[in-house]
Amino acid sequence: LINTLEKENGLSSTLKRLRVNLEKRKGVKPLDKKEKPSDLGSLINQFKTDKSYKVLELILNNSSNNLADLVTFSEEGIALFPAQPFVYLVNGKALNDQKSYKNALMRLQSGIDFVIDDEMEADFYIEIAKAYKGLGNATEEKKYTQKAKNLKN
């Protein structure tokens, strides 16, 4: 409701303060209108100061071509937000890409317990299958590939 009022320029100063306080409570720092949240460097600097999950998620989504950043920030994300399955998935993918299949498998198996949506669960199964393939276990690879297919259908 507050966001709708803000879009229609109907926020009193009291409601503006309330919105800021509610966002602080959730751990979300309101972005300035001038800030560009897509600049990776500024996102990293912002994350260093406020450690918010939303900023971490933006960093992970914008670092897809930098494995070192993905591993570093996803591991920090797991330490800070241990119940967020997305950080486990990103970490597992990055470790698979680095051919660290055993570590990827352990990380993915730890994170799958937090998954609540079928699409993400299928993504976990696909990455688990890749890890098993890298480890040379074709039986488990087929099993998890089939689980992923079943969820997508």
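The structure displayed is predicted, hence computed values, not measured ones. (Residues numbered from 1 in each chain as written. Predicted model: local features only at pLDDT ≥ 70, side-chain atom pairs only at ≥ 80, totals over all residues. Heavy atoms only, no water.)

1. A few points about the pattern of salt bridges
Inclusion rule: Salt bridge, as applied in this entry: a Lys or Arg side-chain nitrogen positioned within 4 Å of an Asp or Glu carboxyl oxygen. Secondary structure elements are taken from DSSP: a helix is a run of H or I of four residues or more, a strand is a run of E of two residues or more, and numbering for both begins at the N terminus. Accessibility here uses a 1.4 Å probe with only protein chains present; expressed as a share of the type maximum, an area under 20% marks a residue as buried, one over 50% as exposed, and anything in between as partly exposed.
Inspection of every chain in the model, using the stated rule, returns three salt bridges. Taking the shortest distance from any N to any O, the salt bridge between E76 and K51 comes out at 2.6 Å. One end of the pair, E76, is in helix α5 (residues 67-80); the other, K51, is in the loop between α3 (40-50) and α4 (53-62), with 25 residues separating them in the sequence. Given the relative accessible area of 33%, K51 is considered partly exposed. Here E127 ties to K130 by a salt bridge, and the two come within 3.2 Å at their closest N and O atoms. With E127 and K130 both in helix α8 (residues 118-134) and three residues apart, this pair spans about one turn of that helix. The class of E127 is buried, set by a relative accessible area of 4%.

2. Some thoughts on the confidence of the model for the protein
Here is the rule we go by: The pLDDT value tells you how sure the predictor is about a given residue, anywhere from 0 up to 100. Contacts are assigned to residue pairs with any non-hydrogen atoms lying within 4.5 Å of each other.
Chain-level statistics for the protein give a pLDDT mean of 87 and a share of 91% at 70 or above. Note on residues 32-36: pLDDT under 50 across the span, and three contacts to partners over four residues away in sequence or across chains.

3. Points about the packing of aromatic side chains
The test is simple: Centre distance within 6.5 Å is the pairing criterion for rings of Phe, Tyr and Trp, where only the six-membered ring of Trp is used; planes under 30 degrees apart are then read as stacked, over 60 as edge-to-face, and the remainder as tilted.
In total, this model carries five aromatic pairs according to the counting rule given. Seen from their ring centres, F47 and F73 are 6.1 Å apart, and the 70 degrees between their planes marks the pair as edge-to-face. One end of the pair, F47, is in helix α3; the other, F73, is in helix α5, and 26 residues separate them in sequence. Overall, F47 belongs to the buried group, its relative accessible area being 0%.

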